[in-house]
Amino acid sequence: MLEFVLERGNYWAIIGLMMIGLYIAFAATNLIKRLVGLGLFQTSIILFYISLARIDGGTAPILYGKDYGKSKGHGDDHGAATDHAGDAVDHSANGYEAATGYAAEGLENIYSNPLPHVLMLTAIVVGVATLAVGLAIIVRIREAYGTVEADEIRSMDLEVAISEAASEAEESKAGAV
Amino acid sequence: MIEFISSLVPEDIAAHAPALLVVMPMLFAPIAALLPNGRLAWLLSIVATAASLIMAITLVAQVRSVEGGAVISYAMGGWAPDAGIEFRIDALNSMVLLLVTVIGFLAAIFSWPSVKAEIRDAKRAMFYAAYLVCFTGLTGVASTGDAFNLFVFLEISSIATYVLVALGATRDRRALPAAGNYLLMGTIGASFFVVGVGFLYAATGTLNMAELAVRLQDVQDNKAVLAGYAFIVVGLGIKAAMFPLHQWLPNAYAYSPSFVTMFLAATATKVAIYALVRFLFTVFGLEFAFEGSTLIWILMPMGIAAMIACSFQAVFQTDVRRTLAYSSVAQVGYMLLGVSIGTAAGVSAGMFHLVNHALIKGCLFMALAGVVLTYQGTSLNDFKGLGRSAPWTMTAFAIGAVSLIGVPLTAGFQSKYALVSALFENGWWWAVAVVMFSSLLAVVYMGRILEAVFFRAPSNPNKRRQEAPLIILIPLWVLALANIWVGVQGGFVAGLADDAAAALFIGGAP
């Protein structure tokens, strides 16, 4: 049981962060704090994807041939370098195969799955845009209401709604008469 | 007509229609932002949406050229699907794309007087840029065949929507908290969706929807897949304003600029429902163990709860916009009810109602925008006696209203009829009773407005006869006549919906 828990430590951490973020986003009355919670929530999703992609001992997804170390050690010839260049062209053609875990022939390197990393670059951009728009809206709220507390804003709106309804009722009464 | 327009498009362009449909408004958006004044940006947005509309018509023609509906697969940037991002258009997509582009085009035409009155001069060009970005996102969601790409487009459209809603602040400051709330809920929804996609990716190793559908068959009982399913349904449910998750919608609709309300009501939730249906039926499929129980225990009760609770809420609103907003949530309930039947007839009825509701709400909110423009008020009081002072606007409004209620010879009747017969076929006669009851509530809340419009003396006798400008009246009447056309001769739209449902059930893969 303990092993089960410990083996998945990363996921527990992510779930914890995610729930904290979600709770702040719902429960905080301060609008800025809500956005902080939202940011935490989104960031924990990024961690989730990244930890899906991880492999023990994995590095960056750059493939090289068997003689990679050698040619570097001897610092030798031109020919080996062009060989690598040729290889590289091959890999990019087989990039998909490599990404899905089929090792292309003659290549070494254990690497983390690059796709979730790339997806998360996009998600980071989306998150930044959302936060920026959210903060801009909060700035406007501060200008219009003079506060960033959600409950104060709600009570102000309620007062407006009540006075509107009252004037409405009066108008319709006047109309009936 | 569809064949004629699509025959005018050169073949080279028609081959790239799926990409051009989405890319053109996206490229026009930054240009619109740079334009010196709003009027040019308005013309540009008409051009952009018209181009998208032509592409959508081409796609519909291409899909319908094959008996039973062709499937167009477009590899973005020439990268073969599964490795690259695929745009995949079948009968269902092409229907939703046609709907979004038609509404987007009409909305773009009618927008100018309304935008001129409600948006400050300096902001107008940017406003149209945001509109085009929103339009891009919606069409992108409707055409992509890649799960993560769908998330990106969903967020593109949503972020633009938050901006558009917040711009209602020049008229009423309450637009700002409404937009903030929408941002919070919408982002949580999209994040839930992306968590779900992450689970599916972990279990299958692919993001392509067609490929996901194949690979999910083998890992149906995997706990990660079940969790992913739940996250996706809830996430898209928030975006689609599924009943208990709809709290963002009434305020966002009530306080945003009238043009934005009209566009969002007719397209945004519809596209989210499309995405939900796509995931329920294409990606997971009816064989998926969880699905049957989700349909019966989640979608159906929530649909029915929406139909009753939100119709009641609509009855007690004093503001016409809020009435219509709550009614929108109730109508989403009809669509979910149709989908939850889980048969081809049911899904077809749901999709049919989706299209019709877009036509109805487009018409109603457009008329409302006309009233806001001429009389600056949306409360029931402001509507009194409008039948005499703005007969053309209000007649179109009345057509939309009776169509919403479901009076024969209107679009609303056709799709409710399809829904009711699908329910009977499945033996859910009690659900038919609920549909009837909810329609009665619609009679009450729309009847209140119509009564005020046509049978009450104006509360303010100084109001002179003042019609909405012609540029609003023309698209408004196009939508109103579309309601009648679908109602009298519903064959075309019903055929599209049938093909869409058939594509989901027979084709298996999208």
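Analysis parameters
Residues numbered from 1 in each chain as written. Chains lettered and ligands numbered in written order. Predicted model: local features only at pLDDT ≥ 70, side-chain atom pairs only at ≥ 80, totals over all residues. Heavy atoms only, no water. Helix = DSSP H or I, 4+ residues; strand = E, 2+ residues; numbered from the N terminus. Rg over C-alpha atoms; globule rule 2.2 N^0.38 Å. Buried < 20%, exposed > 50% of the residue type's maximum accessible area, 1.4 Å probe, protein only. Contact = heavy atoms within 4.5 Å. Phe/Tyr/Trp six-rings, centres within 6.5 Å; stacked < 30°, edge-to-face > 60°. Buried area = accessible area lost by both parts, 1.4 Å probe. Salt bridge = Lys/Arg side-chain N within 4 Å of Asp/Glu carboxyl O. Polar contact = N/O pair within 3.5 Å; in protein donor to acceptor, adjacent residues only side chain to side chain. Nonpolar A, V, L, I, M, F, W, Y, C, P; charged D, E, K, R; others polar. Expected span 1.5 Å × (residues − 1). Bend = angle between axes of the 7 residues up to and from the residue. Pairing = 2+ DSSP bridges. Axes fitted to C-alpha atoms, helices over the stretch in contact; angles between N-to-C directions. Parallel < 35°, antiparallel > 145°, perpendicular 65-115°, else oblique. Left-handed = near helix turned anticlockwise from the far one by under 90°.

Quick look at the overall build of chain B
A count of helical and extended segments in chain B gives 22 helices and two strands. In terms of C-alpha radius of gyration, chain B reaches 21 Å, essentially the compact-globule figure of 24 Å for 510 residues. In chain B, which comprises 510 residues, the proportion classed as buried is 65%. By sequence separation, contacts in chain B at least 24 residues apart represent 80% of the contacts at least 6 residues apart.

Quick look at the packing of aromatic side chains
One pass over the structure, following the stated rule, counts 28 aromatic pairs over all chains. Where Tyr 182 of chain B meets Trp 248 of chain B, the ring centres are 4.3 Å apart and the plane angle is 5°; that geometry is what we call stacked. Of this pair, Tyr 182 of chain B sits in helix α8 (residues 175-204) while Trp 248 of chain B sits in helix α11 (residues 248-255), placing them 66 residues apart in sequence. For the pair shown, Tyr 182 of chain B and Trp 248 of chain B are each scored as buried. One aromatic cluster is present, built from ring pairs that chain together Tyr 11, Phe 41, Phe 48 and Tyr 49 of chain A together with Phe 148, Phe 151, Phe 192, Phe 199 and Phe 231 of chain B.

Re the interface of chain A and chain B
Every contact between the two is made by 40 residues of chain A and, on the other side, 38 residues of chain B. Summing both partners gives a buried area of about 3,300 Å² for chain A against chain B, and 74% of it is carried by carbon and sulfur. At the boundary of chain A with chain B, the tally comes to one salt bridge. Across the chain A-chain B interface, the total number found is six residue pairs in polar contact (both at pLDDT 80 or more). Per element, the largest residue contribution to the side of chain A that touches chain B is 16 residues, and it comes from helix α7 (residues 114-145) of chain A. Partitioning the side of chain A that touches chain B into residue classes produces 28 nonpolar, six polar and six charged.

So, helix α3 (residues 17-34) of chain B
Residues and elements named next belong to chain B. Its 18 residues place the ends of α3 26 Å apart at the C-alpha level, agreeing with the 26 Å of an ideal helix rising 1.5 Å per residue. At Val 23, α3 shows its maximal kink, close to 30°; a proline, Pro 25, follows between one and four residues later. Every buried residue of α3 is accounted for by Ala 17, Pro 18, Ala 19, Leu 21, Val 22, Met 24, Pro 25, Ala 29 and Ala 32.

What to know about the pairing of strand β2 (residues 86-89) of chain B
Residues and elements named next belong to chain B. Both faces of β2 are covered, namely the face carrying Glu 86 and Arg 88 and the face carrying Phe 87 and Ile 89. Pairing geometry for strand β1 (residues 72-75) and β2, over four bridges, is antiparallel. Counterpart to Ser 73 in the pairing with β2 is Arg 88.

A few points about the packing of helix α15 (residues 344-375) of chain B against helix α21 (residues 470-488) of chain B
Residue and element names in this part refer to chain B. Look at α15 against α21: their axes get within 9 Å of each other, and the N-to-C directions meet at 150°. Here α15 is positioned roughly antiparallel relative to α21, judged by the angle of their axes. In this structure, α15 meets α21 at a crossing whose hand is left-handed. Contacts between α15 and α21 involve Phe 352, Asn 356, Leu 359, Ile 360, Gly 362, Cys 363, Met 366, Ala 367, Gly 370 and Leu 373 on the former and, on the latter, Ile 472, Pro 475, Leu 476, Leu 479, Ala 480, Ala 482, Asn 483 and Val 486. Of the residues contributing to the contact of α15 with α21, the split by class is 14 nonpolar, four polar and no charged.

Description of the packing of α8 of chain B against helix α10 (residues 223-239) of chain B
For any two helices packed against each other, the geometry comes down to the angle between their axes and how far apart the axes lie. All names here are of chain B. The interhelical angle for the contact between α8 and α10, taken along N-to-C directions, is 155°, at an axis separation of 7 Å. It follows from the interaxial angle that α8 and α10 lie roughly antiparallel. Crossing geometry of α8 relative to α10 is assigned as left-handed.

What about unusual backbone geometry?
All names here are of chain B. Positive phi, close to 60°, is recorded for Ala 241, a residue that is not glycine. In this fold, Ala 241 is placed in the loop between α10 and α11. A positive phi angle is found at Leu 409, which is not glycine, with a value near 75°. Structurally, Leu 409 can be placed in the loop between α18 (391-405) and α19 (411-425).

Here's the deal with the environment of Ala 91 of chain B
Take Ala 91 of chain B: it is sitting in helix α5 (residues 91-118). Discounting chain neighbours no more than four positions away, the residues touching Ala 91 of chain B are Val 63, Ala 70, Asp 499, Ala 500 and Ala 503 of chain B.

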